[in-house]
Amino acid sequence: MIRITTWNINSVRLRLGLVERLARELEPDVLCLQETKVADELFPREAVEAMGFSHVLVHGQRNYHGVAILSKLPLEEHQTHAWCGIDHPRHLSARLPGGIELHNLYVPSGGDEPDRERNPKFAHKLDFLAELAAAWQADGVGQRPTIAVGDFNIAPLETDVWSHKQLLDVVSHTPVEVAALDRLQASAGWIDAVRAIIPPEQKLYSWWSYRARDWQASNRGRRLDHVWVTAPIADKIQTAEVLTAARSWPQPSDHVPVTVDLAL
DNA sequence: ATGGTAGGTATCCTA
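What you see is a predicted model; the values in this text were computed from it and never measured.

So, how was this worked out
Residue numbers restart at each chain and count upward from 1, following the sequence in its written direction. A letter from A marks each chain and a number from 1 marks each ligand, given out in the order of writing. Selection of residues for local features in this predicted model requires a pLDDT of at least 70, selection of side-chain atom pairs for listing and counting requires 80 or more, and totals for whole chains, interfaces and linings are taken over all residues. In computing side-chain properties, one takes all heavy atoms of the structure into account and sets aside hydrogens as well as water. Put simply, DSSP marks the helices as runs of H or I at least four residues long and the strands as runs of E at least two long, and each gets a number from the N terminus on. The quantity called the radius of gyration is restricted to C-alpha atoms. Its globule counterpart is 2.2 Å times the number of residues to the power 0.38. Throughout, exposure labels follow a simple rule: accessible area from a 1.4 Å probe, protein chains only, divided by the maximum for the residue type, with under 20% read as buried, over 50% as exposed, and the rest as partly exposed. The criterion used for residue contact is that any of the two residues' heavy atoms lie within 4.5 Å. Methods summary: accessible areas were calculated by the Shrake-Rupley approach with a probe of 1.4 Å, and residue burial reflects only the protein chains presented. Positive charge is attributed to Lys and Arg, negative charge to Asp and Glu, and no charge count is given to His or to the chain ends. To locate a charge, take NZ of a lysine, CZ of an arginine, CG of an aspartate or CD of a glutamate. The criterion for a residue being near a molecule or strand is simple. One of its heavy atoms has to lie within 4 Å of it. We define a polar contact as two N or O atoms separated by no more than 3.5 Å, with the added condition that, inside protein, one atom must be a possible hydrogen donor and the other a possible acceptor, whereas residues neighbouring each other in sequence contribute only through side-chain atom pairs. Gly is put with the polar residues, along with every residue not named as nonpolar or charged; the nonpolar set is Ala, Val, Leu, Ile, Met, Phe, Trp, Tyr, Cys and Pro, and the charged set is Asp, Glu, Lys and Arg. Pairing of aromatic side chains here covers Phe, Tyr and the six-membered ring of Trp, requires ring centres within 6.5 Å, and sorts the geometry by plane angle: under 30 degrees stacked, over 60 edge-to-face, intermediate tilted. When a carboxyl oxygen of Asp or Glu is within 4 Å of a side-chain nitrogen of Lys or Arg, the pair counts as a salt bridge. Any two strands with at least two DSSP bridges between them are considered paired. For the handedness criterion, the strands are oriented away from the viewer, and a crossover whose path from the first strand over the helix to the second runs clockwise is classed as right-handed. The arc in question is the one traced by the directions running from the helix axis out to the C-beta atoms.

> With reference to specific residues and values, describe the overall build of chain A.
When helices and strands are tallied, chain A shows six helices and 14 strands. For chain A, whose C-alpha radius of gyration is 17 Å, the value lies close to the compact-globule estimate of 18 Å for 264 residues. In chain A, which comprises 264 residues, the share counted as buried stands at 55%. Taking the contacts inside chain A whose residues are at least 6 apart along the sequence as the reference set, 68% of them involve residues at least 24 apart. Total accessible area on chain A is roughly 11400 Å²; 48% of this is exposed by carbon and sulfur atoms. For chain A, the distance from the average position of its 27 positive side-chain charges to the average position of its 34 negative side-chain charges is 5 Å.

Right under this line is the structure:
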């Protein structure tokens, strides 16, 4: 059994204590982080090794973005990827034991205005998804046992947001983004591992804005963080859990960890 | 319709 967790940590250095708490409470074999916001040479490597993650891959820069894979299992043949000719550290992949390929993604947020002509960040988001879809399709990822996790910054289902109607024009849930994510999902026949366990009819969120006075009372969440697997391992999905409680941990990230167990 | 908070860093950008 492999337990894999994805978490947009929003500064790994500020929240090292929360990473340690997660490692202790959930004991994931592999922990994929996004928005680490740290240059590779400043990543707290020793600290996460002390938590039991003896295999650590980082792909970051100072201040913005950044992804990392912390693993108790060996990681091989890792690669970084840059899409749209923009060298943001947003995509890191590696191979787990048994030839399982793992992709850790931080999809561009897309800014505020859902208009590709007026908002270059929104165009970047859509182009990033389209380029990745083309690459995955050309690579035949869908034929191999592969896992893709991360902050995809899109809540695709009506039940992935607190109000489908009120978010139709809000970046993260617009029809054009959902269509782009659908094409990405189709590019390799990805299965949404979380929704394979938690029924799509059920409301489910992994992110709550910092701007709410009381995130729990208003509960205006969105499911932005995802775990996908390809067909060869679709029957291995055992459990899926969104650790909502982590949103109430001291000085929390605005995202909570999403965990899937695979019988691998 | 508006503005609300957070992090890293530098006095703003990104989310």
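> Tell me about the protein's contact with DNA strand B, and name the residues and values.
Contacts to DNA strand B come from 18 residues, most closely from Ser11, Leu14, Arg15, Arg62 and Arg211. Within 4 Å of the protein, the atoms of DNA strand B are drawn from sugar and phosphate moieties in a proportion of 70%. With respect to DNA strand B, the side chain of Lys121 contributes an N or O atom lying 3.4 Å from a phosphate oxygen. One of the backbone nitrogen or oxygen atoms of Tyr210 is found 3.1 Å away from a sugar or linking oxygen of DNA strand B. Considering only residue class, the surface near DNA strand B consists of four nonpolar, six polar and eight charged.

> Give me the packing of aromatic side chains: which residues, what numbers.
Each aromatic ring pair is described using two quantities: the centre-to-centre distance and the angle formed by the ring planes. Summed over all chains, the structure comprises six aromatic pairs. Geometrically, the ring pair formed by Phe152 and Trp228 is edge-to-face, given 4.9 Å between the ring centres and 80° between the ring planes. Taken together, the residues Phe152 in the loop between strand 8 (146-151) and helix 4 (175-187) and Trp228 in strand 12 (residues 225-229) connect sequence positions 76 residues apart. Classification of Phe152 by relative accessible area gives buried; the value is 0%.

> Could you give an account of the pattern of salt bridges, with specific residues and numbers?
Taken as a whole, this structure holds 15 salt bridges when the rule is applied. With a shortest N-O distance of 2.7 Å, Arg3 and Asp261 are connected by a salt bridge. Here Arg3 is found in strand 1 (residues 2-8), whereas its partner Asp261 is found in strand 14 (residues 258-262), with 258 residues between them in sequence. Linking Glu20 and Arg24 is a salt bridge whose minimum nitrogen-to-oxygen distance equals 3.0 Å. Taken together, the residues Glu20 and Arg24, both in helix 1 (residues 16-26) and four residues apart, mark about one turn of the helix.

> Describe in detail the pairing of strand 1, supporting the description with residues and values.
It is a general feature of regular strands that their side chains alternate between the two faces of the sheet. For strand 1, a buried count of six out of seven residues is recorded, marking the element as mostly surrounded by other parts of the structure. As defined by bridge partners, strand 1 adjoins strand 2 (residues 30-34) across five bridges and the pair is classed as parallel. Among the inter-strand pairings, Thr5 is bridged to a residue of strand 2, identified as Leu31. The parallel pair strand 1 and strand 2 is bridged by helix 1, and the resulting crossover is right-handed.

> Could you give an account of helix 1, with specific residues and numbers?
The set of residues buried in helix 1 consists of Leu18, Val19, Leu22, Ala23 and Leu26. All buried residues of helix 1 lie within an arc of 140° about the axis, which places them on one face of the element. Helix 1 presents Gly17 and Arg24 as exposed residues on the side facing more than 90 degrees away from its buried surface. In this fold, the buried residues of helix 1 make contact with strand 1, strand 2, strand 4 (67-71), strand 13 (237-242) and strand 14. Where helix 1 terminates, the next one or two residues include Glu27, which has phi positive at roughly 50°.

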